Each structure stands twice: as structure tokens, then as C-alpha cells.
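Observations on chain architecture
So the chains spell out like this:
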Amino acid sequence: MRHIGRRGVVVLGATSLVAPLTLALGAAPAQAASCTASKGPYQKQVEKFLGRPVDGRQSAADCSAIRAFQNKHGITPAIGYAGPVTWGVMDLMNKQKAVGKNPNKGGKCPTNKGRIACVDLTLQLSWIQDGKKLVYGPVPVRTGRDGYETRTGLKKVYWRDIDHVSTLYDVRMPYSQFFDGGQAFHSVGLSMWNPPGSHGCVNMTAKDAKKYWSLLKKGDDVYVYGRKPGT
């Protein structure tokens, strides 16, 4: 069992939130790396996504644009290489954008539960609905990485702590709403597309986590389904 807060509450499951190691391996080493002159296997796709001339050849301007994207989202090494991780993030962004305002088009999240928070692991999206009515979202989220997957199924918010601190990692987890052991909605100061993912929690931006806090209450349903890419 693992302690998940200063209040001495003990829960089962993986405590989420990015380990300090992830942060330690982030921006500084990437910024120190040199820009590569090599084209990547997803050169054309990445060029198109970034609005660059699509010629499949790496230029200094291409590398600079790719590298800026990598640094923004914590993709390492940030050397401007159009590889599978960088394209994977961009491809996910395209798929998220295509969802628009109809995230439950396939009807996978229950519409007979009243207010419910839905989490689509495959598209890394979450939203709140009431029956068939979309209340908030969809918004991008960052769920559990390989080996720390956010568990699927129907759950309920069982504990809320607006100023929660993880005793395992000694890091803040603002607007925490726990729904399955140590797994919770909460805000992080990272890009939602920062790979490889959390330690099980559903990471959100501060804006979205705050909104979820205002819309959900203890006992509300949470439904998690799908499978995060790479897990």
C-alpha cells in the first residue's frame, strides 16, 4: 500500500504524477543538443504538420521548427529529427482535433449515468457529459505510461483534495480528484503531449483541472476506456 497524501490516507494502486526523473531528463539536455541535418522517416508528415514546404528534405529551417516543437512538448532528444515519437505526438494532435465537439460519437461512454467524466485513453481526451449533453470539453489529457496504465472501467470519485501532495514523489497534485486507488484527475505543469505519460493519473492543464473540480463532486461517475498509444 502507498501513502498518497499529507492527511495519512492510504490507497492501493499506482501513484500518478511524473517522476522527478522525467523532469530531470527534459529541457536542459535537449536544448544543449545540436540540430541534426538528417531527415527522419516521417519528414514529409512533420513538414506538413508544421506548415513547412513539404519536400521530404531536412533544411536548417525544418530542423529549427521541429526542434522548437520538441522542446515545447518535452520530446527528447530535441535535435529536430522527424522520428516516430515526434510524429506520434503530431498524429495524436490531428486525431484529437478531428473529434471536434462530439467526443462520444461512438457512444462508448455511458449516457444513462447522469453527470459523468469520460476518459478516452486511445485519443487521450477527457470530457464531462450529463446524459447525452456535453457539459465540458473535450480536453487533452496525459494518462499512464507503459507499466503504469490508467485502469479502465466504471469508477466513482471517492476523495477530493484541492492541495494534494504526493508523499511518494513529494510533488504537488493540485485539484486532485481520486477515482481508482491512487489514480486521480489533477493538474501538472507539463505539456499534455509530453511522453511517455504519467504514473497512472489523468494529468490535465491547470485550467481544465480547476474546471473539473468545479463540475464534479464526490460520488460522481468516471468511465475510462480504450488504450493509450504505446502501452
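Description of the structure in this document.

Calculation notes
Residues numbered from 1 in each chain as written. Predicted model: local features only at pLDDT ≥ 70, side-chain atom pairs only at ≥ 80, totals over all residues. Heavy atoms only, no water. Helix = DSSP H or I, 4+ residues; strand = E, 2+ residues; numbered from the N terminus. Buried < 20%, exposed > 50% of the residue type's maximum accessible area, 1.4 Å probe, protein only. Contact = heavy atoms within 4.5 Å. Areas by Shrake-Rupley, 256 points an atom, 1.4 Å probe, with all protein chains shown as cover. Expected span 1.5 Å × (residues − 1). Pairing = 2+ DSSP bridges. Axes fitted to C-alpha atoms, helices over the stretch in contact; angles between N-to-C directions. Polar contact = N/O pair within 3.5 Å; in protein donor to acceptor, adjacent residues only side chain to side chain. Disulfide = S-S within 2.5 Å.

**Section: the overall build of the protein**
Along its length, the protein carries six helices and eleven strands. Relative to its 231 residues, the protein shows a buried fraction of 49%. Of the contacts made within the protein by residues no fewer than 6 positions apart, 62% connect residues no fewer than 24 positions apart. Looking at the protein as shown, the accessible area adds up to about 11100 Å², and 54% of this sits on carbon and sulfur atoms.

**Regarding helix α5 (residues 84–99)**
Along its 16 residues, α5 runs 23 Å from first to last C-alpha, staying within 8% of the 22 Å computed at 1.5 Å per residue. Along α5, the residues that are buried comprise T86, W87, V89, M90, L92, M93, Q96 and V99. Two residues or fewer after α5 comes G100, characterised by a positive phi angle close to 65°.

**Here we look at the sheet that holds strand β5 (residues 133–140)**
Strand pairing within a sheet occurs via backbone hydrogen bonds; the two strands may be parallel or antiparallel. What the five strands build is an open sheet, ordered β5-β4-β3-β11-β6; its pairing is mixed. Looking at the sheet topology across the chains shown, the edges are occupied by β5 and β6 (153–156). With direction set aside, neighbouring strand axes in the sheet form an average angle of 20°. When strand β3 (residues 115–120) meets strand β4 (residues 125–130), the two strands line up antiparallel, connected through six bridges. Residue pairing for β4: D120 is matched across the bridge by L125. Its contacts with the sheet put helix α6 (residues 206–215) on β3, β4 and β5, and the angle it makes with β5 is roughly 155°.

**Quick notes on the environment of W193**
Here W193 shows up in the loop between β9 (183–187) and β10 (202–204). A sequence separation of 107 residues divides W193 from T86, and the C-alpha atoms of the two residues are 10.0 Å apart. Of the polar contacts made by the side chain of W193, one reaches the side chain of Q96; its length is 2.9 Å.

**Notes on the side chain of T86**
Tracing the sequence through the fold places T86 in helix α5. Within the local environment of T86, its side chain forms a polar contact with the side chain of Q70, the two groups lying 2.9 Å apart. Once you skip the residues sitting within four places of it in the chain, T86 turns out to touch I66, F69, Q70, I75 and Y81.

**Focus: the state of the cysteines**
Scanning the entire structure with this criterion turns up two disulfides. Each sulfur of the disulfide joining C35 and C63 lies 1.8 Å from the other. Between C35 and C63, the S-S dihedral sits near -125°, and the bridge is therefore left-handed. With a gap of 28 residues between them, C35 in the loop between α2 (27–32) and α3 (43–49) and C63 in helix α4 (residues 60–73) connect regions that are remote in the sequence. Among the residues examined, C35 registers a relative accessible area of 35% and is labelled partly exposed. C63 gets classed as buried once you look at its relative accessible area, which sits at 1%. A sulfur-sulfur distance of 2.0 Å marks the disulfide that ties C109 to C118. Disulfide C109-C118: the torsion about the S-S bond is -85°, which places it as left-handed. The same class applies to C109 and to C118, which are both buried.

Any functional reading would require information beyond the geometric quantities listed.
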